[in-house]
Amino acid sequence: VQEVVPVKKILFVCHGNICRSPMAEFIMKALINEAGLSGEISADSKALHTDEIGCDTHRGTRLVLQEHSIPFTKRAAALMVRDDYERYDYIVAMDTENMNDLDRLTESDPAGKVFRLLSFTGGERDVADPWYTGDFDRTYRDVDAGCRALLLRLTEKK
């Protein structure tokens, strides 16, 4: 009899869900697939603000993912709602503003599910928003490092 392993569900969030959080979603999906863990871990992404709802992933994010051979699909930015807090095991924010938004949305994270992405690398720094910086390569490096560290944490707990 094969043991049924509950899927660990990760939700990446950022301001508009067109740059950083979809970048994290697609990088994490690639890492999960590469590790053969697609039946055990899932990744998704959503926005904390309504600015870009319905929009596809930003062109700069798509370009940097292509440069690194990370597969992605056409998508529409979606808004995180309170019920998502119950649906996901890890809610991973990109910056201090996101953490503040999540504190309000989750009523101070009673289940301890909210994390800043770079905290998994041992740091507390923000992932810079390429919407403002224009530096998608730097954002990619941070997001990739954070996703790799998160995957390591999830697989070490087995």
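Our structure is the block above this text.
Residues numbered from 1 in each chain as written. Predicted model: local features only at pLDDT ≥ 70, side-chain atom pairs only at ≥ 80, totals over all residues. Heavy atoms only, no water.

(A) Fine view of the environment of Ser 21. Of note, Ser 21 is situated in helix H1 (residues 20–34). Judged by its relative accessible area of 0%, Ser 21 is buried. Between the C-alpha atom of Ser 21 and that of Val 92, which follows or precedes it by 71 residues, the distance is 8.7 Å. Excluding residues within four positions of it along the chain, Ser 21 makes contact with Phe 12, Val 13, Cys 14, Ser 45, Lys 46 and Met 94. At 2.8 Å, the side chain of Ser 21 forms a polar contact with the side chain of Asn 17. (Helix = DSSP H or I, 4+ residues; strand = E, 2+ residues; numbered from the N terminus. Buried < 20%, exposed > 50% of the residue type's maximum accessible area, 1.4 Å probe, protein only. Contact = heavy atoms within 4.5 Å. Polar contact = N/O pair within 3.5 Å; in protein donor to acceptor, adjacent residues only side chain to side chain.)

(B) How the structure looks around the packing of helix H2 (residues 59–67) against helix H6 (residues 136–156). At a minimum axis separation of 10 Å, H2 and H6 run at an interaxial angle of 65°. Crossing hand, H2 versus H6: right-handed. Across the interface between the two elements, Gly 60, Thr 61, Val 64, Leu 65 and Glu 67 of H2 pack against Phe 136, Asp 137 and Tyr 140 of H6. In terms of residue class, the contact of H2 with H6 is made up of four nonpolar, two polar and two charged. (Axes fitted to C-alpha atoms, helices over the stretch in contact; angles between N-to-C directions. Left-handed = near helix turned anticlockwise from the far one by under 90°. Nonpolar A, V, L, I, M, F, W, Y, C, P; charged D, E, K, R; others polar.)

(C) Molecular detail of the sheet that holds strand E1 (residues 8–14). Taking strand neighbours across the sheet as the criterion, the four strands line up as E2-E1-E3-E4 in an open arrangement whose pairing is parallel. Of all the strands in the sheet, just strand E2 (41–47) and strand E4 (114–116) have a single pairing partner and so form its edges. Each adjacent strand pair in this sheet contributes to an overall mean axis angle of 25°, direction not counted. One ladder, built from three bridges, connects strand E3 (residues 90–93) with E4; its direction is parallel. Bridging from a neighbouring strand, Ala 93 pairs with Arg 116 of E4. Where helix H4 (residues 96–105) meets the sheet, it contacts E1, E3 and E4, and its direction lies at approximately 170° from that of E4. Here H6 sits on the sheet and contacts E1, E2, E3 and E4; the angle it forms with E1, its principal contact strand, is near 155°. (Pairing = 2+ DSSP bridges.)

(D) The arrangement of the pattern of salt bridges in detail. Following the criterion strictly, the structure yields 14 salt bridges and no others. Each of Arg 20, Asp 95 and Asp 129 takes part in one network of salt bridges that share partners. (Salt bridge = Lys/Arg side-chain N within 4 Å of Asp/Glu carboxyl O.)

(E) Broad picture of H1. Compared with the 21 Å implied by 1.5 Å per residue over 15 residues, the 21 Å span of H1 between its first and last C-alpha is a close match. Burial analysis of H1 places twelve of its 15 residues in the buried class, which makes it a mostly covered element. Among all positions of H1, only Arg 20, Ser 21, Pro 22, Met 23, Ala 24, Glu 25, Phe 26, Ile 27, Met 28, Ala 30, Leu 31 and Ile 32 are buried. Looking at the buried positions of H1, the neighbouring elements they touch are E1, E2, H2, H4, helix H5 (130–133) and H6. (Expected span 1.5 Å × (residues − 1).)

(F) Main features of the pairing of E3. Of the two faces of E3, the one lined by Tyr 90 and Val 92 and the one lined by Ile 91 and Ala 93 are each fully buried. Across four bridges, E1 lies against E3 in parallel orientation. Counterpart to Phe 12 in the pairing with E3 is Val 92. Crossover handedness for the path E3 to H4 to E4: right-handed. (Right-handed = clockwise from strand over helix to strand, strands pointing away.)

Coordinates in, geometry out; function isn't part of it.
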